[in-house]
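Summary of structural features
Single-letter residue listing:
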Amino acid sequence: MTYKTVHEMRQELENISLKIIRYDNKLKYEYEIGSYKYRKTLKEREQLIKRKEELEDGLRLIKQFER
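Residues numbered from 1 in each chain as written. Predicted model: local features only at pLDDT ≥ 70, side-chain atom pairs only at ≥ 80, totals over all residues. Heavy atoms only, no water.

Here's the deal with the nonpolar core
For clarity, the cut-off: The nonpolar core is taken to be a set of buried Ala, Val, Leu, Ile, Met, Phe, Trp, Tyr and Cys residues, with the residues joined through side-chain atoms within 4.5 Å. Burial classification: accessible surface area is computed with a 1.4 Å probe over protein chains only, and a residue below 20% of its type maximum counts as buried, one above 50% as exposed, and the rest as partly exposed. Working definition: helices are DSSP H or I runs of at least four residues, strands are E runs of at least two. Numbering for both runs from the N terminus. Here a residue-residue contact requires only that any non-hydrogen atoms of the pair lie within 4.5 Å.
Membership of the largest hydrophobic core is limited to nine residues, which are V6, M9, L13, I16, I20, Y23, L48, L55 and L59. Listing elements by their share of this core, those giving two or more residues are α1 (2-30) and α2 (36-66). Looking at this core element by element, the count peaks at six residues for α1. Apart from residues lying up to four places away in sequence, I16 is in contact with L48, R51, K52 and L55.

A closer look at α1
Our working rule: Expected helix span is taken as 1.5 Å per residue step, with the number of steps being one fewer than the number of residues.
For α1, built from 29 residues, the straight-helix expectation of 42 Å at 1.5 Å per residue is met to within 8% by its first-to-last C-alpha distance of 41 Å. Where α1 is concerned, the buried positions are V6, M9, L13, I16, I20, Y23 and L27.

Re the pattern of salt bridges
Our working rule: Within this document, salt bridges are pairs made up of a side-chain nitrogen of Lys or Arg and a carboxyl oxygen of Asp or Glu, the two lying within 4 Å of each other.
With the rule as written, the count across this model stands at four salt bridges. For E54, the salt bridge goes to R51, with nearest N and O atoms at 3.4 Å. Taken together, the residues span about one helical turn, with E54 and R51 both in helix α2 at a distance of three residues. On the basis of relative accessibility, which here comes to 32%, the residue R51 falls in the partly exposed class.

In structure tokens, the structure reads:
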């Protein structure tokens, strides 16, 4: 059970990291600063960063309790 949960969390973490990189590239190269798409992407990126931090904390806690 724990292995499955950890595996899913790591997979989600990897996907989120890739999305953050994609959003960074869009913000840097595709969208004009201040445009609607720019602000929307920036907000979504912030939410992904929060989720990434939550997953990292969760994985750290699981690792501590496995010992």
